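# Working through the structure, step by step
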Amino acid sequence: MTRPRVAVWKFASCDGCQLTLLDREDDLLAVADAVDLVYFLEASSAPDDGGDFDLSLVEGSVTTPADVARIAEIRRRSRSLITIGACATAGGIQALRNFGDVRELMSIVYATPAFLDVLATATPISDHVAVDFELRGCPIDGTQLVEVISASLAGRRPVIASHSVCVECKLAGNPCVLVASATPCLGPVTHAGCGALCPGYNRGCYGCFGPSDSATTGPLTEVLRATGLDDAAIARLFATFNAWAPGFREVAVAAPGGEQR
Amino acid sequence: MTHKARGGRLVGTEALARVEGEGAMYVEIDGDEVRDVRLDIYEPPRFYEGFLRGRAWSEPPDITARICGICPVAYQMSACAAIEDAFGVDAGDPIRRLRRLLYAGEWIESHTLHIHFLHAPDFFGVDSGIELAAIDRPAVERALELKKLGNRIVERIGGRAIHPVNIRVGGFHRLPTRREIAETREDMARATDLAEAVVDWVSRFDFPDFETTHELVAVQDPAGYPVLGDRIVSDRGLDIAVGDFDDHVVETHVPHSTALHAHLVERGEYLVGPLARYSLASAALAPRAAAAARAAGLGTRCRNPFRSIVVRAVETLHACEIALDVVEDYIEPPAAHAVVEPRAGVGHGVTEAPRGLLYHRYAFDAEGTITDVSIVPPTSQNQAAIEHDLWHFVEDNLDLGDDELRRSAEVTIRNHDPCISCATHFLDLTVVRS
């Protein structure tokens, strides 16, 4: 039996989500035995052979005109396409440009902005092509990655919880940092997946996995105000790695630079 | 991709493999003359320095970690160093020891990844670490175990291996438990043996004779081999305070390249990273790392970038020994973090990322809101030197066929483990159009 052909693609990102695959030290050789990793530029110099893919894993957000054409081609050649991480799923931290004027950001960082061939926005893959599944996280969780690969190749829906970090916190037996110490925490509106990591380290959740399916930020912002945060600080809490995700976007818009938004 | 160009040869790759991020190589040859050599960067920019303005002083450790998934700890450590410098905070020695432990974990996992999955395939003539496993499975299994042990330090001390959550200005959100320290001690006892075997394994590879001519620059660490510190030194007498970095490093345009390159004022191109650290401080290596370096045939200095794989293996072993030292003589800090009181001012910080010196500068207003940021990653600093090495390597090997020349040229780039994701938030770039 021929092994399924799997490719890993990168758009604007930090490489951390594809590294998650290489960080599955106990599974990596088994995964490599089970599938044919035909294109994975970070890990292999084997060139694109021009064939189609049973599964494409896509990291990063769309930020250049070339990206727009490239993701369309990847979609055309892929039976299944799964986005991995906050950049591919929600635009990533670089989507903060979407709230303001990209030209101003360019002039802060680059001496000769005219050389840059970038779009005014950083957008999730699903804004451009159909996506079969979106795996959340900045970075993604390795166990969940193995689950989505397995599920995709078996033709079933991945078993990934869609509740909030709050539920994970209760399961982990953590005291609630928001209640116990008035520590600002996005756990009530953030998608599960990390195992309630931050409360276990005495800090509030800062939303790396983006909004949970039923997130309603209104009541939480009231609670955050009661912890002593002003509106700008609340906006900054939401204006990070999933700022452009619907659910977080509406609050994030009031973060620094908001006057021009 | 090989084209005939103007009666000459154009040897390049459209996409460099086994590096972090997206780049390409462009080499133009006319007869016996190299016309142009470029490491092109087309990784799209993400504008970190732009959107950090207006954020709070507490935010850079979490935000700048996202510049690089391979070395997030380096970004967190340099950010903390710079912000603490601005506010006059001394985190204290016990916190610094824990930072060394965390950083050792990142060096172990990052170096082990580069050695086995990005670099070693070149010495075996295969495309990937996975193909390497078909030739030498025990070596790859050993690498995976060692990488996992390094990652486990970052997970225990930092919360997770990629983008750790436990790091804040002044120290940590919570201190490690006794159990986490004890487990790390067991892990590192095993890791030192594995790392020692890796040094022996890589030392048997065949290395071309080639020497880089650049000035070698690293952090001067009062505790020994370069990791943390507040002075920057070179093998040619540079010795400056971190606060003077901006006065000594300039970024300029180079002919035929659209990328900004870092140079030392009146001194020229320079190299940061394993070769620089080793050549400046091999005398400060931990005992087993020093012995392994000798057995591997490294002298007190190393200027051959192809041998950087041996230096990385030696540094991996050193990191295991440092981690072991921290956990064996664990001194519990009096608090998880120092008290931080923001004030107006500018702070500078450097630490040694796996790929070399990483500089951060932050300016704050009186409330601790960021007004200006500069981040200079190792790959930006190395880019001019990498191109220079590439130029000379091609000149010396013009008799090779195009395929062999392209393959060797790619290796000269991978020797330096360039991290393009890191560099690109900073570099000017253009899309390569042939």
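Described below are features of the structure shown in this document.

What counts, and at which threshold
- Residues numbered from 1 in each chain as written.
- Chains lettered and ligands numbered in written order.
- Predicted model: local features only at pLDDT ≥ 70, side-chain atom pairs only at ≥ 80, totals over all residues.
- Heavy atoms only, no water.
- 1 Å grid on protein atoms, 1.4 Å probe; cavity = no way out; pocket = protein on both sides within 12 Å on 5 of 7 lines; lining within 4 Å.
- Points joined across faces, edges and corners; volume = space filled by probe spheres on them.
- Helix = DSSP H or I, 4+ residues; strand = E, 2+ residues; numbered from the N terminus.
- Nonpolar A, V, L, I, M, F, W, Y, C, P; charged D, E, K, R; others polar.
- Phe/Tyr/Trp six-rings, centres within 6.5 Å; stacked < 30°, edge-to-face > 60°.
- Buried < 20%, exposed > 50% of the residue type's maximum accessible area, 1.4 Å probe, protein only.
- Lys NZ or Arg CZ within 6 Å of the ring centre and 35° of its normal.
- Contact = heavy atoms within 4.5 Å.
- Buried area = accessible area lost by both parts, 1.4 Å probe.
- Salt bridge = Lys/Arg side-chain N within 4 Å of Asp/Glu carboxyl O.
- Polar contact = N/O pair within 3.5 Å; in protein donor to acceptor, adjacent residues only side chain to side chain.
- Pairing = 2+ DSSP bridges.
- Axes fitted to C-alpha atoms, helices over the stretch in contact; angles between N-to-C directions.

### Thoughts on the layout of surface pockets
For the second largest pocket, the calculated volume is near 690 Å³. The wall of the second largest pocket is formed by 24 residues, among which A:R203, A:L237, B:S58, B:E59 and B:D62 lie closest to the centre. Those elements that provide at least two residues to the lining of the second largest pocket are helix 11 (231–238) of chain A together with helix 2 (60–65) and strand 5 (167–168) of chain B. Here the lining of the second largest pocket is built from residues that sort into 13 nonpolar, 6 polar and 5 charged.

### Brief notes about the packing of aromatic side chains
Aromatic ring pairs are defined here through the distance separating the ring centres and the angle between the ring planes. This structure, assessed with the given rule, holds 19 aromatic pairs over all chains. Arranged with centres 5.0 Å apart and planes meeting at 50°, the rings of B:Y48 and B:F51 form a pair that is tilted. Pair noted here: B:Y48 and B:F51 are both in helix 1 (residues 48–51), with a separation of 3 residues, about one helical turn. By relative accessible area, which is 8% here, B:F51 ends up buried. Consider the rings of B:F124 and B:F205, whose centres lie 5.4 Å apart with planes at 85°: the pair is edge-to-face. Residue B:F124 is located in helix 4 (residues 93–124), and its partner B:F205 is located in the loop between helix 7 (178–203) and strand 7 (215–220); the two are separated by 81 residues in the primary sequence. By way of ring pairs, the aromatic residues B:F123, B:F124, B:W201, B:F205 and B:F207 are connected into one cluster. Above the plane of the ring of A:W244 lies A:R249, whose end atom (NZ or CZ) is 4.0 Å from the centre.

### Observations concerning the interface of chain A and chain B
At the interface, 58 residues of chain A touch 71 residues of chain B. Taken together, the two surfaces of chain A and chain B that pack against each other cover about 5400 Å², and 62% of this comes from carbon and sulfur. Inspection of the region where chain A meets chain B yields 5 salt bridges. Among the ionic pairs, B:D62 bridges to A:R203, the shortest N-O distance being 2.6 Å. The interface formed by chain A and chain B holds 21 residue pairs in polar contact (both at pLDDT 80 or more) in total. Here the element with the most residues in the side of chain A that touches chain B is helix 5 (residues 102–109) of chain A; it accounts for 5 residues. Classifying every residue of the side of chain A that touches chain B by side-chain character gives 34 nonpolar, 12 polar and 12 charged.

### Some remarks on the sheet that holds strand 4 (residues 78–84) of chain A
Residues and elements named next belong to chain A. Read from one edge of the open sheet, 5 strands run 2-1-3-4-5, paired in parallel fashion. Two strands in the sheet have a free side with no partner beyond their single neighbour: strand 2 (36–40) and strand 5 (133–135). This sheet shows a mean twist of 25° between the axes of neighbouring strands, independent of strand direction. Here strand 4 runs beside strand 5; their pairing, made up of 3 bridges, is parallel. Counted as the bridge partner of T83 is E134 from strand 5. In the packing of helix 3 (residues 65–77) onto the sheet, the strands contacted are strand 1 (5–10), strand 3 (53–59) and strand 4, and the crossing angle to strand 4 comes to about 130°.

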